[in-house]
Amino acid sequence: MNSFFDNWTVQVRKGLLELCILNALQDAECYGYALVKQLVAIPGLHVAEGTIYPLLSRLKQQGLVATRLEESPDGPARKYYQLTEQGEQERMRMNTYHHDLSRAFESLVSHAS
């Protein structure tokens, strides 16, 4: 087991998880558990349920997502998350930055080969 590599992959995933959450909310609102299931199902992301809820809370505090509660016939009320206008703007900025960074990285890797 390579502890340097393991630590590095954790840091990379943490850095991308907020962007993944914002992208998952781009088309429609989603309740917390459904969002968790969607993100956990992404191959390679390796995210734990306990990681997502604190990030959602922080994104709400930053004004990037809004929440609403809706009663559920199947149990407790569900908290729905949706992007705010500011959240959409930041999502687009972050995607642009990620795209540019990925292109720069690929350029560097192709020159090193």
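All residue numbers refer to positions counted from 1 along the written sequence of the respective chain. Local features in this predicted model are restricted to residues whose pLDDT is 70 or higher, and side-chain atom pairs enter the listing and the counts only when it is 80 or higher, whereas totals over whole chains, interfaces and linings include all residues. Each side-chain value is worked out from all heavy atoms of the structure, with water and hydrogens disregarded.

1. Some remarks on a nonpolar patch on the surface
Phase 1 of the analysis: Patch building starts from residues that exceed 30% relative accessible area and form no salt bridge, then joins like charges within 9 Å and nonpolar side chains (Val, Leu, Ile, Met, Phe, Trp, Tyr) within 5 Å. Note that accessible areas follow from Shrake-Rupley with a 1.4 Å probe, and for residues the cover is restricted to the protein chains shown. A carboxyl oxygen of Asp or Glu within 4 Å of a side-chain nitrogen of Lys or Arg is what we treat as a salt bridge. Taken together, the side chains of Phe-4, Phe-5, Trp-8 and Val-12 define a hydrophobic patch exposed on the protein surface, amounting to about 450 Å² of accessible area.
Phase 2 of the analysis: Within the fold, Trp-8 resides in helix α1 (residues 3-24).
Phase 3 of the analysis: Each residue is assigned to one of three classes by its accessible area relative to the maximum for its type, calculated with a 1.4 Å probe on protein chains only: buried under 20%, partly exposed between the two thresholds, exposed over 50%. For Trp-8, a relative accessible area of 47% translates into the label partly exposed. Secondary structure elements follow DSSP: runs of H or I no shorter than four residues count as helices, runs of E no shorter than two count as strands, and numbering proceeds from the N terminus.

2. As for the nonpolar core
Phase 1 of the analysis: If you look at the biggest cluster of nonpolar residues, it comprises 19 residues, and the most contacted ones within it are Ile-21, Leu-25, Leu-35, Leu-39, Ile-52 and Val-65.
Phase 2 of the analysis: Secondary-structure elements contributing two or more residues to this core are α1, α2 (32-40), α3 (49-61) and β3 (75-83).
Phase 3 of the analysis: Throughout, a contact is declared for two residues whenever any of their heavy atoms are within 4.5 Å. Leaving out residues up to four positions away in the same chain, Leu-25 has contacts with Cys-30, Leu-35, Val-65, Tyr-81 and Leu-83. Among buried residues, the Ala, Val, Leu, Ile, Met, Phe, Trp, Tyr and Cys ones that are joined through side-chain atoms within 4.5 Å form a nonpolar core.

3. Notes on the sheet that holds strand β2 (residues 65-72)
Phase 1 of the analysis: Spatially, 3 strands are ordered β1-β3-β2 in an open sheet, and the strand pairing comes out antiparallel. Each edge of the open sheet is held by one strand with a lone partner, namely β1 (30-31) and β2.
Phase 2 of the analysis: By this definition, two strands are paired if DSSP reports at least two bridges between them. Here β1 runs beside β3; their pairing, made up of 2 bridges, is antiparallel. Its bridge partner lying in β3, Cys-30 is registered against Tyr-81.

4. As for the environment of Ala-77
Phase 1 of the analysis: With respect to the secondary-structure elements, Ala-77 resides in strand β3.
Phase 2 of the analysis: Put simply, Ala-77 and Ala-66 are 11 residues apart on the chain and 16 Å apart in space, counted from C-alpha to C-alpha.
Phase 3 of the analysis: Non-local contacts of Ala-77, meaning those with residues more than four positions away in its chain, are made with Glu-70, Glu-71 and Ser-72.

Interpretation note: all reported values are geometric properties and have no functional meaning in isolation.
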